[in-house]
Amino acid sequence: MLTQIELTRLADFMFEVVECDAEYEEDEFCCTFEGTRLYVERYLSHYRIEIGHEDNVVELPRH
């Protein structure tokens, strides 16, 4: 489980990096955040993020 601080950093990463980088144009992609592999599904209202494996999933609202 991620701490609130880690979730905040992840949300900032999604907003500042993922939303602004052409490398992440698709609605499903993988990326690395602070050394951990993420599988991301982007929806209109939120991200569904598998952190490391499919048993550890968080959903973050899109800014």
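No experiment lies behind these values; they were computed from the predicted model shown.

> When you look at the sheet that holds strand E2 (residues 36–42) in this model, what are you seeing that I'm missing?
As summarised here, the arrangement of the four strands in space is E1-E2-E3-E4, forming an open sheet in which the pairing is antiparallel. Each edge of the open sheet carries a strand with a single partner, namely strand E1 (28–33) and strand E4 (57–61). Averaged over all pairs of adjacent strands, the angle between their axes in this sheet comes to 30 degrees, without regard to strand direction. Sheet topology note: the strand E3 (residues 46–51)/E4 ladder contains five bridges and is antiparallel. Of the residues in E4, the one forming a bridge with Arg48 is Glu59. Along the sheet face, helix H1 (residues 4–16) touches E1, E2, E3 and E4 and points at about 125 degrees away from the line of E1.

> Even after reading the chapter, I still don't get the pairing of E3, so can you show me in this structure?
Regular strands place side chains that alternate from one sheet face to the opposite one. Burial within E3 is extensive, with five of its six residues counted as buried. One ladder, built from five bridges, connects E2 with E3; its direction is antiparallel. Bridge pairing links Glu41 to Arg48 in E3. Where E2 folds back onto E3 in an antiparallel hairpin, the turn is made up of three residues. Hairpin connection of E3 to E4: five residues between the antiparallel strands, including Gly52 at a positive phi of 80 degrees.

> Explanation requested: the nonpolar core in the structure shown.
Generally speaking, soluble globular proteins have nonpolar side chains that are buried together. One finds Leu10, Met14, Leu38, Val40 and Ile49 to be the most contacted residues of the largest nonpolar core, which totals 16 residues. Listed by contribution, the elements that provide at least two residues to this core are H1, E1, E2, E3 and E4. When residues no more than four places from it in sequence are discounted, the contact partners of Met14 are Glu19, Phe29, Val40, Tyr47 and Ile49.

> Got a minute to help me understand the pattern of salt bridges in this structure?
Oppositely charged side chains are able to pair whenever their charged atoms sit close together. A full pass over the atoms with the stated rule returns five salt bridges. Here Arg62 and Glu19 are joined by a salt bridge, their closest N and O atoms 3.1 Å apart. Linking Arg62 in the segment after E4 with Glu19 in the loop between H1 and E1, this pair joins segments that are 43 residues apart in sequence. Classification of Glu19 as partly exposed rests on a relative accessible area of 33%. Where Glu50 meets Arg48, a salt bridge forms, and the shortest distance between an N and an O atom there is 2.8 Å. According to the relative accessible area criterion, Glu50 is buried, its value standing at 16%. Relative accessible area serves as the criterion here: at 21%, Arg48 is assigned to the partly exposed category.

Quick notes on the rules
- Residues numbered from 1 in each chain as written.
- Predicted model: local features only at pLDDT ≥ 70, side-chain atom pairs only at ≥ 80, totals over all residues.
- Heavy atoms only, no water.
- Pairing = 2+ DSSP bridges.
- Helix = DSSP H or I, 4+ residues; strand = E, 2+ residues; numbered from the N terminus.
- Axes fitted to C-alpha atoms, helices over the stretch in contact; angles between N-to-C directions.
- Contact = heavy atoms within 4.5 Å.
- Buried < 20%, exposed > 50% of the residue type's maximum accessible area, 1.4 Å probe, protein only.
- Core = buried A, V, L, I, M, F, W, Y, C linked by side-chain atoms within 4.5 Å.
- Salt bridge = Lys/Arg side-chain N within 4 Å of Asp/Glu carboxyl O.

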